[in-house]
Amino acid sequence: MISVIIVDYKTLNKTLSYIEQCKLSIHYSDKLTFVIIDNNPEHAETLHNLKRELDETGIREESILGYDTYFYSYHKIELVHVIAKENLGYA
């Protein structure tokens, strides 16, 4: 399994483009997962855009360590979208 972690702050379109580029560059035979850490505490618009961009089948929501976390299926990969309650930065 290969997991790629992406920290995002209001750049969803760039993040989805990056994921598409990675999919073409990474050779994998097992599961490929992208974890998006959304540093935008006002995430409602980002979440709406992400749902619109992705196939909404298989969306699942959980609270993990107090963070709202959404799981999506997207072109044979799994996306995990973690919503930060505040901008935690990159470090």
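Residues numbered from 1 in each chain as written. Predicted model: local features only at pLDDT ≥ 70, side-chain atom pairs only at ≥ 80, totals over all residues. Heavy atoms only, no water.

1. So, the confidence of the model for the protein chain
Counting all residues, the mean pLDDT for the protein chain is 79, and 75% of those residues have values of 70 or more. Of all the helices and strands in the protein chain, helix α2 (residues 44-53) carries the lowest mean pLDDT, 66, while strand β1 (residues 2-8) carries the highest, 90. (pLDDT = per-residue confidence, 0-100. Helix = DSSP H or I, 4+ residues; strand = E, 2+ residues; numbered from the N terminus.)

2. Some remarks on the sheet that holds strand β2 (residues 32-38)
With respect to topology, five strands assemble into an open sheet ordered β1-β2-β5-β4-β3, the strand pairing being mixed. The open sheet terminates on both sides in strands that have one partner only, identified here as β1 and β3 (60-64). Across this sheet, the average inter-strand angle for adjacent strands is 20°, counted without regard to direction. Where β1 and β2 come together, seven bridges link them in parallel fashion. Looking at the pairing, I2 lines up with L32 of β2. Lying over the sheet, helix α1 (residues 12-25) contacts β1, β2, β4 (67-74) and β5 (77-83), oriented at roughly 160° with respect to β2. (Pairing = 2+ DSSP bridges. Axes fitted to C-alpha atoms, helices over the stretch in contact; angles between N-to-C directions. Contact = heavy atoms within 4.5 Å.)

3. Some thoughts on the pairing of β3
By the bridge criterion, five bridges tie β3 to β4 in an arrangement that is antiparallel. Bridging across to β4, I64 finds its partner in Y67. Hairpin geometry of β3 and β4 is characterised by an intervening segment of two residues between the two adjacent antiparallel strands and by a positive phi of about 55° at L65.

4. Some thoughts on the side chain of T15
Position of T15 among the secondary structure elements: in helix α1. Setting aside chain neighbours within four positions, we find T15 in contact with I6, D8 and I36.

5. Observations regarding the pattern of salt bridges
Summed over all chains, the structure comprises three salt bridges. When the shortest N-O distance is used, the salt bridge between E20 and K23 registers 3.8 Å. Of the two residues, E20 and K23 are both situated in helix α1; the distance of three residues between them amounts to about one turn of the helix. Overall, the relative accessible area of 29% leaves E20 in the partly exposed class. Close ionic contact of R60 with E62 constitutes a salt bridge, the shortest N to O distance being 3.1 Å. Residue classification places R60 among the partly exposed positions, given a relative accessible area of 41%. (Salt bridge = Lys/Arg side-chain N within 4 Å of Asp/Glu carboxyl O. Buried < 20%, exposed > 50% of the residue type's maximum accessible area, 1.4 Å probe, protein only.)

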